[in-house]
Amino acid sequence: MMPQRVRLQHEAAIQHPNSIIGCQVRREPLDSTERYTRWINNLKPGQLLTQVFTSHGPTVIMPTWFCSREWFCHVGKFDEGGKGIPEDLLFFYEHIRKGGGVFRVDQCLLQYRYHPQAATHSVLEGTIWNHRVRFLEDRALKHWASFTIWNAGKQGRKLYRSLSPANQKKVAAFCDVDENKIAKGFYTYQESKERPKPQIPIQHFRDATPPFIICVKLDLTGGAFEENLTTLDLKEGLDYHHFN
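Please read these numbers as outputs of a predicted model, since none were measured by experiment. (Residues numbered from 1 in each chain as written. Predicted model: local features only at pLDDT ≥ 70, side-chain atom pairs only at ≥ 80, totals over all residues. Heavy atoms only, no water.)

Visitor: Quick question: what am I supposed to make of the pattern of salt bridges here?
Guide: Close approach of charged atoms allows side chains of opposite charge to pair. Counted by the stated rule, this structure contains 10 salt bridges. With its nearest N and O atoms 3.7 Å apart, the salt bridge here joins E11 to R7. Pair noted here: E11 and R7 are both in helix α1 (residues 5-15), with a separation of four residues, about one helical turn. Residue R104 pairs with D106 through a salt bridge whose shortest N-O separation is 2.5 Å. Judged by relative accessible area, R104 falls into the buried class, the value being 8%. For D106, a relative accessible area of 47% translates into the label partly exposed. Through salt bridges that share partners, E94, R97, K98, D138 and K142 make up one connected network. (Salt bridge = Lys/Arg side-chain N within 4 Å of Asp/Glu carboxyl O. Helix = DSSP H or I, 4+ residues; strand = E, 2+ residues; numbered from the N terminus. Buried < 20%, exposed > 50% of the residue type's maximum accessible area, 1.4 Å probe, protein only.)

Visitor: What exactly am I supposed to notice about the environment of F72 here?
Guide: Of note, F72 is situated in helix α4 (residues 69-75). F72 gets classed as partly exposed once you look at its relative accessible area, which sits at 25%. For F72 and F91, which are 19 residues apart along the polypeptide, the C-alpha to C-alpha distance reads 9.2 Å. The residues touching F72, leaving out its near neighbours within four places in the chain, are C67, K77, F78 and F91. (Contact = heavy atoms within 4.5 Å.)

Spelled out as structure tokens, the structure:
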């Protein structure tokens, strides 16, 4: 921890009393989780709230958190259910549900060490996935009459299958850039008990209708995906949310 950390985060907490205050970090080793580290250090202020649905988890990482005891108790403390409980993620979600903000001090105030025995690795991916989907449904999908899932591949289809029946019916289409997927025309939900089985159209992203739930990982395509998204001139948090 850097010597100025408490002072700077305390000053920020006074200005933002109902917020979790984070900071930028330096990884140890330096080359560990590079994409994740770029994400947590470089999110814009507005994205600290709009990108809360991604697989990265809280938009300020728990080792950097600073908030008042009063706000901590208002949110409801941590779930101490034991090993395998993503207590930081659950606290963060409840914090958002209760109207809390997120603020980051844009200085590197913490050295964040990676080690393979960290407790975070004991949480099953499926557990986190289920919490993320329910949070997405509660915070975003309930406000939309229909939406498009951006990614007709494995992750997009997985999200569709994980949605409640009511939200599955809101999915107007999948969209993609892969011509092979688009050429198929539609995705058939084979596990459905409905007859006939639901068939969801697959479109090119330029032909699709927002809002979008985007199941494409950021910072993995050399900027190609991000450039495609920019060409649509959409507003994050209104016209789309990142999920993966």
